[in-house]
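Here's the letter readout for the chains.
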Amino acid sequence: MSAATRSARSSRFRLKYLLIAVLVLVISWHLWAFMQVLSWRHDTPAMSAFMLQDLQNRQLSNPNADLSQHVVAYDHISPRLKRAVIAAEDASFVQHHGFDLDGIQLALEKNLKAGRIRAGGSTITQQLAKNLFLSGERSLWRKAEESVFTVMLEATLSKQRILELYLNYAEWGNGIYGAEAAARHYYGIPASMLSVRQAARLAAILPNPRYYDGHHTRWIARRTHTIARYMPMVLIP
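Residues numbered from 1 in each chain as written. Predicted model: local features only at pLDDT ≥ 70, side-chain atom pairs only at ≥ 80, totals over all residues. Heavy atoms only, no water.

**As for the pattern of salt bridges**
Here is the rule: Here, a salt bridge means any side-chain nitrogen of Lys or Arg that lies within 4 Å of a carboxyl oxygen of Asp or Glu. Here the term buried applies to any residue with accessible area under 20% of the maximum for its type, exposed to any over 50%, and partly exposed to those in between, with areas from a 1.4 Å probe on protein chains only.
Throughout the structure, instances matching the rule amount to eight salt bridges. Between K159 and E154 there is a salt bridge, with the nearest N and O atoms lying 2.9 Å from each other. Among the residues examined, K159 registers a relative accessible area of 17% and is labelled buried. Judged by relative accessible area, E154 falls into the buried class, the value being 17%.

**Details of the packing of aromatic side chains**
Keep this limit in mind: For Phe, Tyr and Trp, rings pair up if their centres lie within 6.5 Å, where Trp contributes its six-membered ring, and each pair is then called stacked (planes under 30 degrees apart), edge-to-face (over 60) or tilted (otherwise). Note on conventions: DSSP H or I runs of at least 4 residues are helices, E runs of at least 2 residues are strands, and numbering of each starts at the N terminus. Geometrically, a lysine NZ or arginine CZ counts as sitting over a ring once it is within 6 Å of the ring centre and also within 35 degrees of the ring normal.
Under the counting rule described, the total for this entry stands at five aromatic pairs. For the ring pair F133 and F149, a centre distance of 4.3 Å and an interplane angle of 20 degrees mean the geometry is stacked. Within this pair, whereas F133 is found in helix α5 (residues 124-133), its partner F149 is found in helix α6 (residues 140-156), the two being separated by 16 residues in sequence. With respect to burial, F133 and F149 carry one shared label: buried. Between the aromatic rings of Y211 and Y212, the centroid separation amounts to 4.9 Å while the plane-to-plane angle is 85 degrees, which identifies the pairing as edge-to-face. With relative accessibility at 13%, the residue Y212 sits in the buried group. An aromatic cluster is present here, built from W40, F133 and F149 joined pairwise through their rings. The ring of Y74 has K82 lying over it, and the distance from NZ or CZ to the ring centre is 3.4 Å.

**Considering helix α3 (residues 79-89)**
Stated precisely, the cut-off is as follows: In this analysis, two residues are considered to be in contact whenever any of their non-hydrogen atoms come within 4.5 Å of each other. Here a polar contact is recorded for every N or O atom pair within 3.5 Å, except that within protein the pair must consist of a potential hydrogen donor and a potential acceptor, and residues adjacent in sequence are included only if both atoms are side-chain atoms.
Looking only at α3, the buried set comprises L81, K82, A84, V85, I86 and E89. Contacts from the buried residues of α3 go to α5, α7 (159-169), β2 (171-173), α8 (179-187), α9 (196-204) and α11 (218-230). The N-cap of α3, judged by a side-chain oxygen 3.0 Å from the amide nitrogen of R80 a few residues on, is S78.

**Overview of the packing of α5 against α6**
Formally: Axis geometry follows a simple rule: fit a line to the C-alpha atoms, using only the stretch in contact for helices, then measure angles between N-to-C directions, giving values from 0 to 180 degrees. An angle counts as roughly parallel when it lies under 35 degrees, as roughly antiparallel when it exceeds 145, as roughly perpendicular when it falls between 65 and 115, and as oblique in every other case. Gly is put with the polar residues, along with every residue not named as nonpolar or charged; the nonpolar set is Ala, Val, Leu, Ile, Met, Phe, Trp, Tyr, Cys and Pro, and the charged set is Asp, Glu, Lys and Arg.
Running from amino to carboxyl end, α5 crosses α6 at an angle of 110 degrees, the nearest separation of the two axes being 8 Å. Taken together, α5 and α6 sit at an angle that is classed as roughly perpendicular. Contacts between α5 and α6 involve T125, Q126, L128, A129, K130 and F133 from the first element and R142, K143, E146, F149, T150, L153 and E154 from the second. In terms of residue class, the contact of α5 with α6 is made up of five nonpolar, three polar and five charged.

**Thoughts on α6**
Along an α-helix, a turn takes 3.6 residues, which lines up residues three or four apart on a common side. The condition is simple: Expected helix span is computed as 1.5 Å times (number of residues minus one).
The first and last C-alpha atoms of α6 sit 25 Å apart over 17 residues, in line with the 24 Å expected at 1.5 Å per residue. All of the buried residues in α6 are R142, E145, E146, F149, T150, M152, L153, E154 and T156.

**Here we look at the environment of A203**
For A203, the location among the structural elements is in helix α9. With 24 residues separating them in the primary sequence, A203 and I227 have C-alpha atoms 7.8 Å apart. Setting aside residues up to four positions removed in sequence, A203 forms contacts with A84, V85, A88, E89, W172, R223 and I227.

**With respect to the nonpolar core**
To keep things clear, this is the line we draw: What makes a nonpolar core is a set of buried Ala, Val, Leu, Ile, Met, Phe, Trp, Tyr and Cys residues whose side-chain atoms join them at distances within 4.5 Å.
In terms of nonpolar packing, the biggest core is built from 55 residues, with L81, V85, F133, Y166, L167, W172 and L202 touching the most fellow members. The element best represented in this core is α7, accounting for six residues. Not counting residues within four places of it along the chain, the set of residues in contact with L167 comprises I77, L81, K82, V85, W172, G178 and A179.

**Regarding the environment of M231**
Along the polypeptide, M231 turns up in the segment after α11. Apart from residues lying up to four places away in sequence, M231 is in contact with R80, R83, A84, A87, V196 and A200.

**Brief notes about the sheet that holds β2**
The test is simple: By the convention used here, strands pair only if DSSP detects at least 2 bridges between them.
Pairing within the open sheet is mixed, and its three strands lie in the order β1-β3-β2. Pairing within the sheet leaves two strands with one partner each, and these edge strands are β1 (68-69) and β2. With two bridges connecting them, β1 and strand β3 (residues 176-177) associate as parallel partners. Bridged to Q69 within β3 is Y177.

**A word on the packing of α3 against α7**
It is the contact of α3 with α7, at a shortest axis distance of 11 Å, that shows an interaxial angle of 90 degrees. Considering the angle they form, α3 stands roughly perpendicular to α7. Touching L81, K82, V85, I86 and E89 of α3 are L163, Y166 and L167, all from α7. Classifying every residue of the contact of α3 with α7 by side-chain character gives six nonpolar, no polar and two charged.

Remember that the coordinates give geometry; whether it matters functionally is a separate question.
Shown next as structure tokens:
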């Protein structure tokens, strides 16, 4: 056997076991993630991946930086905020199984028209999957991972639990996470006491909460009015 043949076989051998190792790592990662999702039927995540990344970034410039979050039970969040968030982010939340095909098609049309990614068409479940497990970057791999975790969440948790987790881990301002911290930050009241207009405005700023934390614009005023108008039409779990 020539040296070239032995080298080729050795290369194929190494590639084979490298691929096996990568496959084992991927499967192990998803098994661990699934076990986490199972535990979240009753337990509460200590911190989402998105929160951890945000905290690490903030501590680069300020080692004492911290995040504001107060996890509360589903019944301690105003039904007005639940309606507002569903109306603003995912009107068919209670009907679909994690993916809104109409929303995805609309987002694709917007992106094709703009020539770049402007809209994601993500459901509340997809956003929760991203927040809990992934970073904020946009890539095809991250979107594929988001889809896997979305299926896990929908297969394991009730719609009520998914919405409860989303409302407790959504970003609502600079270092502000969850409905309770948001209600206290913007209005000085618990999330259970939010009015229709307050709930609608909190839902309105979700697409860009860091910017709208301190900025009042006509667009937000119009969006708040629109959300408030549609709130009675949506279903909540």
